[in-house]
Amino acid sequence: TARGRVENNIINNHIMSYDYHQYVQSIQRHRHKEHTSHIRGAVDRMTVATPPDLDSLQHSVEGFASLSKHCPMTPLLWMQYAHDTEMLMMGLYLA
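The structure contained in this document is the topic of the report that follows. (Residues numbered from 1 in each chain as written. Predicted model: local features only at pLDDT ≥ 70, side-chain atom pairs only at ≥ 80, totals over all residues. Heavy atoms only, no water.)

Right, let's talk about the packing of aromatic side chains for a bit. The geometry of an aromatic ring pair is captured by two quantities: the separation of the ring centres and the angle between the planes. This model, assessed by the stated rule, comprises two aromatic pairs. Ring geometry for F64 against Y81: centres 5.2 Å apart, planes inclined by 20°, an arrangement best described as stacked. Of the two residues, F64 is situated in helix α3 (residues 54-70) and Y81 in helix α4 (residues 75-94); the sequence distance between them amounts to 17 residues. Relative accessible area serves as the criterion here: at 16%, Y81 is assigned to the buried category. Among the aromatic residues, those joined into a cluster by ring pairs are F64, W78 and Y81. (Phe/Tyr/Trp six-rings, centres within 6.5 Å; stacked < 30°, edge-to-face > 60°. Helix = DSSP H or I, 4+ residues; strand = E, 2+ residues; numbered from the N terminus. Buried < 20%, exposed > 50% of the residue type's maximum accessible area, 1.4 Å probe, protein only.)

In structure tokens:
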């Protein structure tokens, strides 16, 4: 019935008051941007060590922090979060 659909929508919206896929896509977009700028910088300079894209890493870490407030993250997401945080801290230390 229509009332049942409305009640289900209210329950579903209450349980998931965030867009999981939007968070993950945003995080992946920032991680990809940092990775491609890092690789491009290495190729341009013919070196392996190039400074990380701190802006992209900052957005990625903020996305992980926001996502973790809303739901339990998978182990892979926690590992990516830890890696990005490490890279951000290293970049800030070297800057």
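Further notes follow.
Tracing the chain through its elements places D53 in the loop between α2 (20-45) and α3. Of the buried charged residues, D53 lacks a salt bridge, with K33 as the closest side chain of opposite charge at 4.6 Å. At 3.3 Å, the side chain of D53 and the backbone nitrogen of D55 are in polar contact. (Lys, Arg positive; Asp, Glu negative; His and termini not counted. Salt bridge = Lys/Arg side-chain N within 4 Å of Asp/Glu carboxyl O. Polar contact = N/O pair within 3.5 Å; in protein donor to acceptor, adjacent residues only side chain to side chain.)

Here the focus is α4. Here α4 spans 28 Å end to end across 20 residues, near enough to the 28 Å set by a 1.5 Å rise per residue. By the burial criterion, the buried members of α4 are L77, Q80, Y81, D84, M87, L88 and G91. Looking straight down α4, one finds that the buried residues subtend no more than 135° of arc, so they occupy a single side. Structural note: α4 exposes P75, M79, M89, Y93 and L94 on the side pointing more than 90 degrees away from its buried face. (Expected span 1.5 Å × (residues − 1). Arc of directions from axis to C-beta.)

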